[in-house]
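Each chain is listed here by its residues.
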Amino acid sequence: MTPIDLLLSRKSHNKLTSPAPDNDQLEILFKAALRAPDHALLKPARYRVFEGDSLARLGDYFVTAALNKEPELPQEKQDKLRGKPLRAPMVIVASAVLKEHSKVPEVEQILSVGAGVQNMLMAAHFQGIGAMWRTGGMAYNEKLMELLEFEAGEMIIGFIYLGTEEGNKRAAKPLEIEEFVTRFGE
Ligand SMILES: Cc1cc2nc3c(=O)[nH]c(=O)nc-3n(C[C@H](O)[C@H](O)[C@H](O)COP(=O)(O)O)c2cc1C
């Protein structure tokens, strides 16, 4: 496959199993993420890696964070939430530390980390690693950020689920560009 074929065939994998990316593969994911454009080189990206036993800890954090917001959360919903990080053998919490800067508004810092996450997804795809970018309510829960020991001004950009694709070998959907593109000139 050419690099362009790879680029155009990326897709999300919602069913992921072991093995998780190994250390060499993971290093490539992070190097790719840190290749993202970064106005004024503010280095806003942070990545926290959960695998093995720590996935259950992340699930416990989810429940603690949800209960902090909604103390009467039914047990069934707590159990569902606790199991979410166990949907893959590795979850990376991608976040952005936002700084005040005269030329770089927060949105640009968020976009930079988003571009880094996309680079990470592509680097995963190139290495045959399944991945999915997720958010949901937990991405905006301040108690979770406290449990993850976030710095002031830090926000979650996504939970990146990584592992080995299980089932669902569907191809990426065909792309129609016309309705998204306006060309000026001849
Ligand atoms: C910032 C962001 C957050 C997302 N959060 C979720 C999510 O919580 N749950 C979900 O099913 N898909 C989520 N998605 C969408 C999937 O990652 C995926 O892109 C979508 O299902 C389309 O599939 P594809 O990537 O194979 O085209 C999110 C995407 C982005 C960019």
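It should be emphasised that the depicted structure is a prediction, and the values quoted were computed from it without experimental measurement.

**Q** Give a description of the overall build of the protein that names residues and reports values.
**A** Along the backbone of the protein there are six helices and five strands. For the protein, the α and β elements follow one another from N to C terminus as α-β-α-β-α-α-β-α-β-α-β. Taking all 186 residues of the protein together, 39% fall into the buried category. Of the contacts made within the protein by residues no fewer than 6 positions apart, 83% connect residues no fewer than 24 positions apart. Accessible area for the protein stands at about 11500 Å²; split by element, carbon and sulfur atoms hold 55% of it. Taken together, the 23 basic and 26 acidic charged side chains of the protein have centroids lying 2 Å from each other.

**Q** Break down the pattern of salt bridges for me, citing the residues and quoting the values.
**A** In this structure the tally under the stated criterion is seven salt bridges. Across the salt bridge formed by Glu-165 and Lys-11, the nearest N and O atoms sit 3.5 Å from each other. A residue pair is termed long-range when its members are at least 10 positions apart, and Glu-165 in strand S5 (residues 154–165) and Lys-11 in the loop between helix H1 (3–8) and strand S1 (16–17) qualify at 154 residues. Look at Glu-165 and you get partly exposed, because its relative accessible area is 22%.

**Q** Account for the site of the ligand, naming residues and giving values.
**A** The ligand sits among Arg-10, Lys-11, Ser-12, Met-132, Trp-133, Arg-134, Thr-135, Gly-136 and Arg-170. Within the contact set of the ligand, an oxygen atom lies 2.5 Å away from a side-chain nitrogen or oxygen of Ser-12. At 2.9 Å from an oxygen atom of the ligand is found a main-chain nitrogen or oxygen belonging to Thr-135.

**Q** How would you summarise the nonpolar core if you had to cite specific residues and measurements?
**A** Looking at soluble globular proteins, one finds that nonpolar side chains tend to be buried together. Formed by 23 residues in total, the largest nonpolar core has its most connected members in Met-138, Leu-144, Leu-148, Ile-156 and Phe-159. Contributions of two or more residues to this core are made by helix H3 (53–69), strand S3 (90–97), helix H6 (142–147) and S5. Here this core takes seven residues from H3, the largest share from any one element. Residues contacting Leu-148, with those up to four places away along its chain left out, are Arg-48, Phe-50, Leu-58, Tyr-61 and Val-93.

**Q** Could you give an account of the UniProt feature "domain: Nitroreductase" (unreviewed entry) in the protein, naming the residues involved and the relevant values?
**A** Those places that UniProt annotates as "domain: Nitroreductase" (unreviewed entry) correspond, in this numbering, to residues 8–163. Between the end C-alpha atoms of residues 8–163 the distance is 20 Å, and the span holds 42% helix and 21% strand.

**Q** I'd like a description of the UniProt feature "binding site: FMN" (unreviewed entry) in the protein, backed by residues and values.
**A** Per the UniProt record, the feature "binding site: FMN" (unreviewed entry) sits at Arg-10, Lys-11, Ser-12, Arg-35, His-39, Trp-133, Arg-134 and Thr-135. The greatest C-alpha distance among the residues just named is 28.1 Å, and with 126 residues of sequence between them they are spread in space as well. As for the annotated residues, the ones lining the largest cavity are Arg-10 and Lys-11. Positionally, His-39 belongs in the loop between helix H2 (23–33) and strand S2 (45–51). Residue His-39 is classed as partly exposed on the basis of its relative accessible area, which comes to 41%. Excluding residues within four positions of it along the chain, His-39 makes contact with Lys-103, Val-104 and Glu-108.

**Q** Describe in detail the pairing of S5, supporting the description with residues and values.
**A** S5 sits mainly inside the fold: nine of its 12 residues count as buried. Here S1 pairs with S5 via two bridges, running antiparallel. Paired with Thr-17 across the bridge in S5 is Thr-164. Note: S3 against S5, eight bridges, orientation antiparallel. Opposite Val-91, over in S5, you have Tyr-161 as the bridge partner. Bridge count between strand S4 (residues 130–134) and S5: five bridges; the pairing is antiparallel. When the bridges of S5 are listed, Gly-130 appears paired with Gly-163.

Quick notes on the rules
- Residues numbered from 1 in each chain as written.
- Predicted model: local features only at pLDDT ≥ 70, side-chain atom pairs only at ≥ 80, totals over all residues.
- Heavy atoms only, no water.
- Helix = DSSP H or I, 4+ residues; strand = E, 2+ residues; numbered from the N terminus.
- Buried < 20%, exposed > 50% of the residue type's maximum accessible area, 1.4 Å probe, protein only.
- Contact = heavy atoms within 4.5 Å.
- Areas by Shrake-Rupley, 256 points an atom, 1.4 Å probe, with all protein chains shown as cover.
- Lys, Arg positive; Asp, Glu negative; His and termini not counted.
- Charge placed at Lys NZ, Arg CZ, Asp CG, Glu CD.
- Salt bridge = Lys/Arg side-chain N within 4 Å of Asp/Glu carboxyl O.
- Near = heavy atom within 4 Å.
- Polar contact = N/O pair within 3.5 Å; in protein donor to acceptor, adjacent residues only side chain to side chain.
- Core = buried A, V, L, I, M, F, W, Y, C linked by side-chain atoms within 4.5 Å.
- UniProt positions renumbered as here; feature names shortened; annotations may be inferred.
- 1 Å grid on protein atoms, 1.4 Å probe; cavity = no way out; pocket = protein on both sides within 12 Å on 5 of 7 lines; lining within 4 Å.
- Pairing = 2+ DSSP bridges.

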